[in-house]
Amino acid sequence: MRLLVTGGAGFIGSNFVRYILRTRPGYSILNLDKLTYAGNLENLSDVESNPHYRFHRGDICDVEAVEALLHEPVDGVVHFAAESHVDRSIADARDFIRTNIQGTHTLLDAARRARVPRFVHVSTDEVYGSLPSGKAAHEEWPLQPNSPYAASKAASDLLVRSFYQTYRFPAIIARASNNYGPRQFPEKLIPLMISNALEGRKLPVYGDGLNERDWVFVEDHCRAIDQVLHSGRPGEIYNIGFGRPVTNLEVVRSVLRILGKPEDMIEFVADRPGHDRRYALDTGKIERELGWRPEVDLEAGLVETVEWYCAHAEWIRKAKSGDYRAYYEKFYLNRSASLAQI
Ligand code: NAD
Ligand code: TYD
């Protein structure tokens, strides 16, 4: 298969690119990424000389660029590119509306015209909003997004749905819960807590810390996307999660315990506006239809994640300072790639 992956320089996208190159010999990937603050090509430094991989810097909102790329035949598109951080969407949602809604539309439209035979849209459990205690959202649960980020993802999901209903464009939606693992930008809960603890800073927990998230290890998510790509039914939605929501406080305490640091490093700070209390997913559909199940439990995944960050202090330093951009300038500036090259 020749795949176009969008957002492959980000956290989940880079793990997915590496997962496919490792597990599917003969597959080729063109990674289309704008390299916003969240795009870090060093995430893929170990595969950049792989002949089955190419990087192309571009914006999914750029109609001409996207159409030009899809001029060459491709067997599938896996769409990760997005603005992804809730707190940034609360500060200013413009980029979220542009990339997550307009960008998804641009990509869908170009892919439809190019008759791309498979399209996986990577979405989130946040589109369901906050779940009451004891409930878990199945795929037909009402969309009740509460942050501008979640609203922009819900809008993109509805566009994907409409392309299937209207044109029978073979798109599939994958809605995952909170991911964690190596190479996550240190603005999200787990890498922020690890890096602050390593630097001797306080760990800011919003509100009472009792909000619940269902953490899925990034590698499990990548394997699920791979299965959705190959065996998912067009027009369908698949939830992907671990199936055990835990409080933020439990997660932060586990991180401190693994690092051997004291709990008084936790500092309770003002709550996030509109902060969703609880996310919980019913993942029965993907288990029944595709046989997918998560393999990494939270404790083992946290140990692996903490160990990765401890071994990559320089990665954290560069991510926090913005120095990681030098990598692009050194190796990629003025270089482009196309599907014909993979
Ligand atoms: P990320 O923020 O780490 O990476 C996003 C990537 O998209 C970056 O490389 C960025 O440069 C690129 N990008 C942004 N705007 C672009 C544009 N206009 N054109 C081309 N590229 C652009 O995000 P992530 O955490 O890896 O999430 C990837 C996807 O998974 C997103 O769609 C997100 O909504 C979804 N998701 C994330 C989580 C999570 O916990 N991180 C959970 C469920 C779903
Ligand atoms: P985050 O990683 O931003 O993911 P999301 O908002 O998409 O779930 O946050 C996860 C949880 O951690 C969420 O309930 C907000 C909370 N949180 C903190 O308590 N402190 C922080 O500094 C951050 C970034 C998040």
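The model shown is predicted, which means the values in this text are computed figures rather than measured ones. Sequence order sets the numbering: in each chain, residues are counted from 1 along the sequence as written. Lettering for chains starts from A, numbering for ligands starts from 1, and both go in the order in which the items are written. With pLDDT at 70 or above as the cut-off, local features in this predicted model cover only qualifying residues; side-chain atom pairs require 80 or more to be listed or tallied, and sums for whole chains, interfaces and linings still use all residues. Only hydrogens and water are set aside; all other atoms, that is, all heavy atoms of the structure, feed into the side-chain values.

### What about the overall build of the chain?
Now for step 1: The helix and strand tally for the chain stands at 12 helices and 13 strands.
Now for step 2: Taking 20 Å as the expected radius of gyration for a compact globule of 342 residues, we find that the chain reaches 19 Å, a close match to that expectation.
Now for step 3: C-alpha extents for the chain along the principal axes are approximately 55 × 45 × 35 Å.
Now for step 4: The classification of residues rests on relative accessible area computed with a 1.4 Å probe and restricted to protein chains. Under 20% of the type maximum is buried, over 50% is exposed, and intermediate values are partly exposed. A buried classification covers 56% of the 342 residues belonging to the chain.
Now for step 5: Any two residues whose heavy atoms approach within 4.5 Å at even a single point are treated as in contact. Put simply, of all contacts in the chain between residues at least 6 apart along the chain, 84% involve residues at least 24 apart.
Now for step 6: For accessible areas, the Shrake-Rupley method is used with a probe of radius 1.4 Å. Any residue's cover is judged against the shown protein chains and nothing else. Entry remark: accessible area of the chain is about 14,200 Å², with carbon and sulfur atoms responsible for 48%.
Now for step 7: Each charge class in the chain can be summarised by its mean position, and for the 42 positive and 46 negative side chains these summaries are 2 Å apart. Comment: elements are numbered from the N terminus, with helices defined as DSSP H or I runs of at least four residues and strands as E runs of at least two. When we talk radius of gyration, it's over C-alpha atoms, and the globule rule is simply 2.2 Å times the number of residues to the 0.38. Here Asp and Glu are counted as negative and Lys and Arg as positive; His is not counted, and neither are the chain ends. To locate a charge, the coordinates of NZ of Lys, CZ of Arg, CG of Asp or CD of Glu are taken.

### Overview of the pairing of strand 8 (residues 203-206)
Now for step 1: In strand 8, alternate side chains face the same way, and those of Leu203 and Val205 are buried while those of Pro204 and Tyr206 on the opposite face are not.
Now for step 2: Between any two strands, pairing holds if DSSP finds at least two bridges. Across 4 bridges, the pairing between strand 8 and strand 13 (residues 266-269) is parallel. Bridging across to strand 13, Tyr206 finds its partner in Val269.

### Things to note about the nonpolar core
Now for step 1: Throughout, nonpolar core names a set of buried Ala, Val, Leu, Ile, Met, Phe, Trp, Tyr and Cys residues whose side chains join them through atoms within 4.5 Å. Among the nonpolar cores identified, the biggest contains 39 residues, and Leu41, Tyr53, Val78 and Ile225 are the most heavily contacted of them.
Now for step 2: Ignoring any residue separated from it by four or fewer positions in sequence, one finds Ile225 in contact with Phe16, Val78, Phe80, Val120, Val122, Ala174 and Ile240.
Now for step 3: Counting 32 residues, the second largest nonpolar core, distinct from the first, contains Leu30, Leu32, Val66 and Ala110.

### Some words on the environment of Pro170
Now for step 1: Relative to the helices and strands, Pro170 resides in the loop between helix 5 (148-167) and strand 6 (171-176).
Now for step 2: Linking Pro170 and Asn15, residues 155 residues apart in sequence, is a C-alpha distance of 24 Å.
Now for step 3: Excluding its chain neighbours within four sequence positions, the residues that come into contact with Pro170 are Val116, Pro117, Arg118, Phe119 and Pro234.

### Brief notes about the pattern of salt bridges
Now for step 1: Whenever Lys or Arg places a side-chain nitrogen within 4 Å of a carboxyl oxygen from Asp or Glu, that contact is recorded as a salt bridge. For the structure on display, the rule yields 26 salt bridges.
Now for step 2: Beyond isolated ion pairs, a larger network of salt bridges with shared partners links Arg233, Glu236, Lys285 and Glu289.

### Considering the site of ligand 2
Now for step 1: Proximity is defined per residue: if any heavy atom of the residue lies within 4 Å of a molecule or strand, that residue is considered near it. Taken together, the neighbourhood of ligand 2 is formed by 18 residues, with Glu126, Pro204, Arg213, Arg272 and His275 sitting nearest.
Now for step 2: Contact between ligand 2 and Pro204: a nitrogen atom at 2.8 Å from a main-chain N or O atom of the residue.
Now for step 3: Tyr206 places a polar main-chain atom, nitrogen or oxygen, 2.8 Å from an oxygen atom of ligand 2.
Now for step 4: Of all the secondary-structure elements, those providing two or more residues to the shell around ligand 2 are helix 6 (189-198) and strand 8. Contacts described as polar in this section are N or O atom pairs within 3.5 Å, which, within protein, must combine one atom able to donate a hydrogen with one able to accept it, while residues neighboring in sequence count only if both atoms come from side chains.

### Remarks on the site of ligand 1
Now for step 1: Near ligand 1, the surroundings consist of 30 residues, among which Ile12, Asp33, Ser84, Tyr149 and Lys153 are the closest.
Now for step 2: Measuring from an oxygen atom of ligand 1, one finds a backbone N or O atom of Ile12 at 2.8 Å.
Now for step 3: Among the elements of the structure, helix 1 (11-23), strand 5 (119-124) and helix 5 are those that each provide at least two residues to the shell around ligand 1.
Now for step 4: At 3 residues, strand 5 tops the list of elements feeding residues into the shell around ligand 1.
Now for step 5: A class-by-class count of the residues in the shell around ligand 1 yields 12 nonpolar, 13 polar and 5 charged. Put simply, Ala, Val, Leu, Ile, Met, Phe, Trp, Tyr, Cys and Pro go in the nonpolar bin, Asp, Glu, Lys and Arg in the charged bin, and everything else, Gly too, in the polar bin.

### So, the pairing of strand 5
Now for step 1: In terms of residue burial, strand 5 counts as a mostly covered element, since 6 of its 6 residues are buried.
Now for step 2: Alternating positions in strand 5 separate into two faces, Phe119, His121 and Ser123 on one and Val120, Val122 and Thr124 on the other, with burial throughout.
Now for step 3: Two elements, strand 4 (residues 76-79) and strand 5, share 3 bridges in a ladder whose sense is parallel. Looking at strand 5, one finds that His79 is bridged to His121.
Now for step 4: Looking at chain direction, strand 5 and strand 6 are connected through 6 bridges and run parallel. Within strand 6, the residue paired with Thr124 across the bridge is Ala176.
Now for step 5: Orienting the strands away from the viewer, one traces the path from the first strand over the helix to the second; a clockwise path indicates a right-handed crossover. Where the polypeptide runs from strand 5 across helix 5 and back to strand 6, its parallel neighbour, the crossover connection is right-handed.

### A few points about the environment of Val17
Now for step 1: Among the structural elements, Val17 can be located in helix 1.
Now for step 2: Each C-alpha atom, one on Val17 and one on Val47, is 8.8 Å from the other, the two residues being 30 residues apart in sequence.
Now for step 3: Not counting chain neighbours up to four residues away, the residues in contact with Val17 comprise Val5, Gly8, Ile29, Leu44 and Tyr53.

### Describing the confidence of the model for the chain
Now for step 1: Every residue gets a pLDDT, meaning the predictor's confidence in that residue, from 0 to 100. Averaged over all residues, the pLDDT of the chain equals 96, while 99% of them reach at least 70.
Now for step 2: Highest mean pLDDT in the chain belongs to strand 6 (99); lowest belongs to helix 12 (residues 325-331) (73).

### Structural notes on the environment of Gln184
Now for step 1: Along the chain, Gln184 turns up in the loop between strand 7 (179-180) and helix 6.
Now for step 2: When the C-alpha positions of Gln184 and Arg118 are compared, they lie 27 Å apart, and in sequence the two are 66 residues distant.
Now for step 3: Apart from residues lying up to four places away in sequence, Gln184 is in contact with Phe11, Asn179, Pro191, Tyr309 and Trp315.
Now for step 4: Engagement of the side chain of Gln184 in a polar contact is seen with the backbone oxygen of Asn179, the distance being 3.4 Å.

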